[in-house]
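# Examining the three-dimensional arrangement
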Amino acid sequence: MQYSQKVIDHFMHPHNVGKMENPDATATEGSPACGDQVTMYLKIEPDKHTIEDISFLSYGCASNIATASIITDLAKGKTLQEAKKITWHDAVEALDGLPPEKTHCSVLASDTLQAAISNYEITHGFKEVVNFNKDTILEELEKVIYPQVGEDTFPSSW
Ligand code: FES
């Protein structure tokens, strides 16, 4: 498996790693593809809603650590609206690529960022809690990527 130098650098020397004391929001997400997890913590500037600080803990592979590291770099200093647009594609591009079978690691990192933002919005009254229903379950299943080949396992047309 061939990793870019950037992936190796972020794995060996991850940025923004560690548990945050008194975060304004947090989220832990697990990958349905492999069972690995990431926790992210956010500190939000309350007037402009910018991400003042962000950190993560990884319970997973080298790509899990590298993608969480680069996602936190991409999100830091952004407004919540800007950070909501950060996708796993952005993480992969910023890392100069990932092996296809590791794509789901970047999906986990971006999902965790989005879940932490959602946690902030819900706990601060900007968003309603969404209860699970058929649509939200199908939405989650659409993110499942077959880890051995890095392809969607679920047709998005469902
Ligand atoms: Fe599961 Fe990388 S996050 S193998």
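Note that residues are indexed from 1 along each chain, following the sequence as it is written. For a predicted model such as this one, the threshold for reporting local features is a pLDDT of at least 70, and the threshold for listing and counting side-chain atom pairs is 80 or more; totals across whole chains, interfaces and linings nevertheless cover every residue. The side-chain quantities take in all heavy atoms of the structure and omit both hydrogens and water.

## Overview of the overall build of the chain
Per the secondary structure count, the chain includes six helices and five strands. Counted from the first residue to the last, the chain has its helices and strands arranged as α-β-β-β-α-α-α-α-α-β-β. Out of the 158 residues in the chain, the part that is buried amounts to 41%. With the model as given, the accessible surface of the chain reaches about 8600 Å², and the carbon-plus-sulfur share is 52%. Only DSSP runs of H or I reaching four residues or more are called helices, and only runs of E reaching two or more are called strands; each is numbered from the N terminus. Exposure classes here rest on a 1.4 Å probe applied to the protein chains alone. A residue is buried below 20% of its type maximum, exposed above 50%, and partly exposed in between. Computed with a 1.4 Å probe, the accessible areas rest on the Shrake-Rupley method; for each residue, only the protein chains presented here act as cover.

## Examining the packing of helix H1 (residues 5-12) against helix H2 (residues 62-75)
Between N-to-C directions, angles cover 0 to 180 degrees, with each direction set by a line fitted to C-alpha atoms, over the stretch in contact for helices. As a packed pair, H1 and H2 sit with axes 8 Å apart at the nearest point and diverge in direction by 90°. Relative to H2, the element H1 lies roughly perpendicular. Here Val-7, His-10 and Phe-11 of H1 come into contact with H2, specifically with Ala-62, Ile-65, Ala-66, Ser-69, Ile-70 and Asp-73. For the contact of H1 with H2, the residue count by class is six nonpolar, two polar and one charged. Should an angle lie under 35 degrees it is considered roughly parallel, over 145 roughly antiparallel, and from 65 to 115 roughly perpendicular; all remaining angles are considered oblique. Working rule for contacts: check all heavy atoms of both residues, and any pair within 4.5 Å makes them a contact. Each residue receives one of three labels: charged for Asp, Glu, Lys and Arg, nonpolar for Ala, Val, Leu, Ile, Met, Phe, Trp, Tyr, Cys and Pro, and polar for the others, Gly being one of them.

## Examining the nonpolar core
We define the nonpolar core as a collection of buried residues of types Ala, Val, Leu, Ile, Met, Phe, Trp, Tyr and Cys that are connected through side-chain atoms lying within 4.5 Å of one another. Counting 31 residues, the largest nonpolar core has Met-40, Leu-42, Ile-51, Ile-54, Ile-71 and Leu-113 as its most contacted members. Every element with two or more residues in this core is listed here: strand S1 (25-30), strand S2 (37-45), strand S3 (50-59), H2, helix H3 (80-83), helix H4 (88-94) and helix H5 (103-123). The leading source of residues in this core is H5, at seven residues.

## Thoughts on H2
The terminal C-alpha atoms of H2, which comprises 14 residues, lie 20 Å apart, in line with the 20 Å expected from a rise of 1.5 Å per residue. Among the 14 residues of H2, 11 are classified as buried, and the element is accordingly described as predominantly covered. Listed as buried for H2 are Ser-63, Asn-64, Ile-65, Ala-66, Thr-67, Ala-68, Ser-69, Ile-70, Ile-71, Thr-72 and Ala-75. Where H2 is buried, its residues meet H1, S2, S3, H4 and H5. Count one or two residues on from H2 and you reach Gly-77, which has phi positive near 90°. By this rule the span expected of a helix is its residue count minus one, scaled by 1.5 Å.

## A few points about the packing of H2 against H5
Two numbers describe how H2 lies on H5: the axes approach to 8 Å, and their chain directions differ by 40°. By the angle class used here, H2 and H5 are oblique. Considering the relative orientation of H2 and H5, their crossing is right-handed. The residues of H5 that touch H2, namely those facing Ser-63, Asn-64, Thr-67, Ala-68, Ile-71 and Ala-75, are Cys-105, Ser-106, Leu-108, Ala-109, Ser-110 and Leu-113. Residues of the contact of H2 with H5, tallied by class, amount to seven nonpolar, five polar and no charged. Crossing handedness: left-handed means the near helix sits turned counterclockwise from the far one by under a right angle, and right-handed means the same turn made clockwise.

## Some remarks on the environment of Ile-86
Mapped onto the fold, Ile-86 is located in the loop between H3 and H4. Along the backbone, Ile-86 and Asp-111 are 25 residues apart, and their C-alpha atoms lie at a distance of 9.8 Å. Apart from residues lying up to four places away in sequence, Ile-86 is in contact with Ile-71, Leu-74, Ala-75, Ser-110, Leu-113 and Gln-114.

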